[in-house]
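Read off the chains here:
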Amino acid sequence: MNQPASANGLAQTLTPSFTLLGAGVSAGIAIGYAHLVSTARLEVPQYEIAANEVDAEVVRFDNAMAQTQQALADLAASATQGVAGELGAFVSLHRMLLADSTLSQTPRDIIREHRANAEWALVQQMDRLVEQFEQFEDAYLRERKHDVEQAVERVLKALLGTAHTPSGPSHEEDVIVVAHDLSPADMILFKQHKFAGFVTDVGGVTSHTAIVARSLSLPAIVGLHHARELIRENELVIVDGAEGTLIVNPDAQVLTEYQLKKRSYELDRQKLKRLKTTPAATLDGTPIELHANIELPSDIETVVEAGATGIGLFRSEFLFLNREDLPTEDEQFEAYRQVLEAMNGMPVTIRTLDLGADKVLPGGERTAGPNPALGLRAIRFCLAEPGVFLTQLRAMLRASRYGKLRILIPMLAHAHEIDGALGLLEHAKRSLQGEGTAFDTDVPVGGMIEVPAAALSLPMFLHRLQFLSIGTNDLIQYTLAIDRADETVAHLYDPLHPAVLQLVAQTIRACDKAGKPVAVCGEMAGEVEMTRLLLGFGLRQFSMHASQLLEVKQQVLRSDLGEVTPLATRILRNTESSKVHTLLERLNT
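Caption draft 1: Seen up close, the overall build of the protein. Counting secondary structure elements, the protein contains 23 helices and 16 strands. Of all 589 residues assigned to the protein, the portion counted as buried reaches 53%. By sequence separation, contacts in the protein at least 24 residues apart represent 69% of the contacts at least 6 residues apart. As displayed, the protein has an accessible area near 25200 Å², and 51% of this comes from carbon and sulfur atoms.

Pasting the structure below:
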């Protein structure tokens, strides 16, 4: 049997090599050392402490408690400097819970009695408290169990150091993050690092986690099922994001092969950069707009590097993640202004809050329900929380004087949702006018087509809105009744399903007939295999992550509408999946 190899070709360990298969969600090859991470409560191990180390473990627990209380005190202090008043009450409750003997003292007793590690002792006590809260008849008191969990999670993170800081390899570029699951909020934290890649046990190819991975250009695989439990810390691993292959402890021959593949892939990416300043147009001279999707203002650098001609989707809800309070109006204004100024007059489309499903408000699970994807999310949440929505709309309008802003409303399905959103926008305008605050009074407002009901009732949207954007990720999810974050049904997620193609094509053609701009901003827009098909449907504006833009531009430059349109029409007329795939291959040759 060949020995596993290390990155420099030397034998690393006698552990056998093995391969795991999942779903590749971001192309590229990463070679590095595994770093196992988890959310604070996902998996707290239990291990026995030596008798002479018990006192030190108690001190470790006390230090984590003190550190957390200090962090909360600092947060409380900030509440006196213009932060929302309810933050103070939220922080005070967490401080009170942690100061109570049930959490501050009882875990110390468990550590001593069981000679157990502090994390396990704390979670045992938390579980007991949560069970007690669940017994309360009063709904308000029952909900306080979430405060217990959140307060304890703060201490656990202090005990664990941090769930996201790698240990082992000396450089982040050598780290492959291995996790059971990662939330979109976790992925946003990765923007602060330069990891080589990541893999997870769960997740789907169009989950928000996968989407953010693509924005970072990180080779990534999801749906590996047991990677987190099979892989050990600092084991050498290879991530093939295109094929969905994870190789653990590769032998020298395999390692050399993938090092060559990695260099070849990176060389191809470098060559694409030559297209940055080339105008996007088809062979027959039709201009195509290629815009970028972003999550945070810090993404602008990669947008400029890719030569995008606008921002087609600014997912504003990511400004709300990884914090304990809601961003103020001024904070949001500064973020939007920064992006608008950086784009120097090019259009910037900011989507209003799309909280819900796997993205929840700080400090709670207010948008969660029995089925979050079908619950109080996006525009439904905004209309249910007009104060939060108005704050965002005011911030957007204030920023509008610094560039070419467009406002995009997500998850629309009903006329009253459109009217409600437009009504609140007018309210925001009147409030700013009353204060004498300048803004663009003619900011275009558009709607997302991501619910089949919307795609099937387009006149209602075209009558009220100035542009549309097709969110293919959710449109596919809701059309095919498939949770896009669930790897167990990932094989059923099919962008080429005849029903999906009909809805996309009909929307594009209806907008063209009405003279209204339309874009595709879902993952379909960034898939090179779909570029010619969408061009054939009549699409002239694509929006994708900056990392995908140059490859799509290359495909646009090689396409002739006279050739692709008839084939796209043939594909649209087919109802057999196998025939559709055959015709698509022909379209892309």
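Caption draft 2: How the structure looks around the sheet that holds strand E4 (residues 175–179). Strand order in the open sheet formed by eight strands is E1-E8-E7-E3-E4-E5-E6-E2, with mixed pairing between adjacent strands. Here the strands that pair on one side only, and so sit at the sheet edges, are strand E1 (18–21) and strand E2 (23–26). Here the average twist between neighbouring strands, direction ignored, is 30°. Packing against the sheet, helix H10 (residues 252–272) makes contact with strand E3 (29–37), strand E7 (236–240) and strand E8 (245–248), and its axis sits at approximately 110° to E3.

Caption draft 3: Looking closely at the nonpolar core. Counting 123 residues, the largest nonpolar core has Ile311, Leu468, Leu533, Phe537 and Phe542 as its most contacted members. It is helix H14 (residues 386–399) that contributes the most residues to this core, eight residues altogether. In terms of nonpolar packing, the next biggest core, distinct from the first, is built from 30 residues, Val54, Val58, Leu103 and Val123 among them.

Caption draft 4: Highlighting the packing of aromatic side chains. Inspection of the entire model under this criterion finds three aromatic pairs. Seen in terms of ring centroids, Phe133 and Phe136 are 5.5 Å apart; in terms of plane orientation they differ by 80°. Their pairing is edge-to-face. We classify Phe136 as partly exposed; its relative accessible area is 35%. Sitting over the ring of Tyr258, Lys261 keeps its end group 4.6 Å from the ring centre.

Caption draft 5: Here's a closer look at unusual backbone geometry. Even without being glycine, His225 reaches a positive phi, approximately 75°. The class of His225 is partly exposed, set by a relative accessible area of 42%. With a phi close to 50°, Asn344 is a non-glycine residue in the positive phi region. Mapped onto the fold, Asn344 is located in the loop between helix H12 (329–342) and strand E11 (347–351). Look at Asn344 and you get exposed, because its relative accessible area is 68%.

Caption draft 6: Local environment of the packing of H12 against H14. Relative to each other, H12 and H14 sit at 40°, their axes nearing to 8 Å. Taken together, H12 and H14 sit at an angle that is classed as oblique. For the crossing formed where H12 meets H14, the hand is right-handed. Along the contact surface, H12 presents Glu329, Asp330, Gln332, Phe333, Tyr336, Arg337 and Leu340, while H14 presents Thr391, Gln392, Arg394, Ala395, Met396, Arg398 and Ala399. In terms of residue class, the contact of H12 with H14 is made up of six nonpolar, three polar and five charged.

Caption draft 7: Focus on the packing of H14 against helix H15 (residues 415–435). For the pair H14 and H15, interaxial distance at closest approach is 9 Å and the crossing angle is 60°. For the element pair H14 / H15, the angle class is oblique. Here H14 and H15 pass one another in a crossing that is right-handed. From H14, Pro386, Phe389, Leu390, Leu393, Arg394, Leu397 and Arg398 reach across to H15, where they touch Ala421, Leu424, Leu425, His427, Ala428, Lys429, Ser431, Leu432 and Glu435. Split into classes, the residues belonging to the contact of H14 with H15 amount to ten nonpolar, two polar and four charged.

Caption draft 8: The arrangement of the pairing of E8 in detail. The alternating pattern of E8 places Thr245 and Ile247 and Leu246 and Val248 on opposite faces, both of which are buried. Bridge analysis of E1 against E8 gives four bridges, and the strand direction is antiparallel. Bridge pairing in E8 links Thr19 to Ile247. The pairing of E7 with E8 spans four bridges and is classified as antiparallel. Bridging across to E8, Asp240 finds its partner in Thr245. Two successive antiparallel strands, E7 and E8, enclose a turn made up of four residues, where Gly244 displays a positive phi of approximately 75°.

Caption draft 9: Representation of the pattern of salt bridges in the model. What the rule picks out here adds up to 22 salt bridges. Of the charged contacts in the structure, one is a salt bridge between Glu317 and Arg351, with a shortest N-O distance of 2.5 Å. You can see Glu317 sitting in the loop between strand E10 (311–315) and H12 and its partner Arg351 sitting in strand E11, a full 34 residues away along the chain. In this structure, Glu317 and Arg351 share a single accessibility class: buried. The residue Lys429 makes a salt bridge to Glu426 at a minimum N-O spacing of 3.6 Å. Of the two residues, Lys429 and Glu426 are both situated in helix H15; the distance of three residues between them amounts to about one turn of the helix. Accessibility expressed as a relative area gives 10% for Lys429, which makes it buried.

Caption draft 10: Structural context of helix H5 (residues 118–134). With 17 residues, H5 should cover 24 Å at 1.5 Å per step; its first-to-last C-alpha distance of 24 Å lies within 8% of that length. Looking only at H5, the buried set comprises Ala118, Glu119, Trp120, Ala121, Leu122, Val123, Gln125, Met126, Leu129, Val130 and Phe133.

Conventions and cut-offs
- Residues numbered from 1 in each chain as written.
- Predicted model: local features only at pLDDT ≥ 70, side-chain atom pairs only at ≥ 80, totals over all residues.
- Heavy atoms only, no water.
- Helix = DSSP H or I, 4+ residues; strand = E, 2+ residues; numbered from the N terminus.
- Buried < 20%, exposed > 50% of the residue type's maximum accessible area, 1.4 Å probe, protein only.
- Contact = heavy atoms within 4.5 Å.
- Areas by Shrake-Rupley, 256 points an atom, 1.4 Å probe, with all protein chains shown as cover.
- Pairing = 2+ DSSP bridges.
- Axes fitted to C-alpha atoms, helices over the stretch in contact; angles between N-to-C directions.
- Core = buried A, V, L, I, M, F, W, Y, C linked by side-chain atoms within 4.5 Å.
- Phe/Tyr/Trp six-rings, centres within 6.5 Å; stacked < 30°, edge-to-face > 60°.
- Lys NZ or Arg CZ within 6 Å of the ring centre and 35° of its normal.
- Parallel < 35°, antiparallel > 145°, perpendicular 65-115°, else oblique.
- Left-handed = near helix turned anticlockwise from the far one by under 90°.
- Nonpolar A, V, L, I, M, F, W, Y, C, P; charged D, E, K, R; others polar.
- Salt bridge = Lys/Arg side-chain N within 4 Å of Asp/Glu carboxyl O.
- Expected span 1.5 Å × (residues − 1).

The quantities given are spatial measurements derived from coordinates; they are silent on function.
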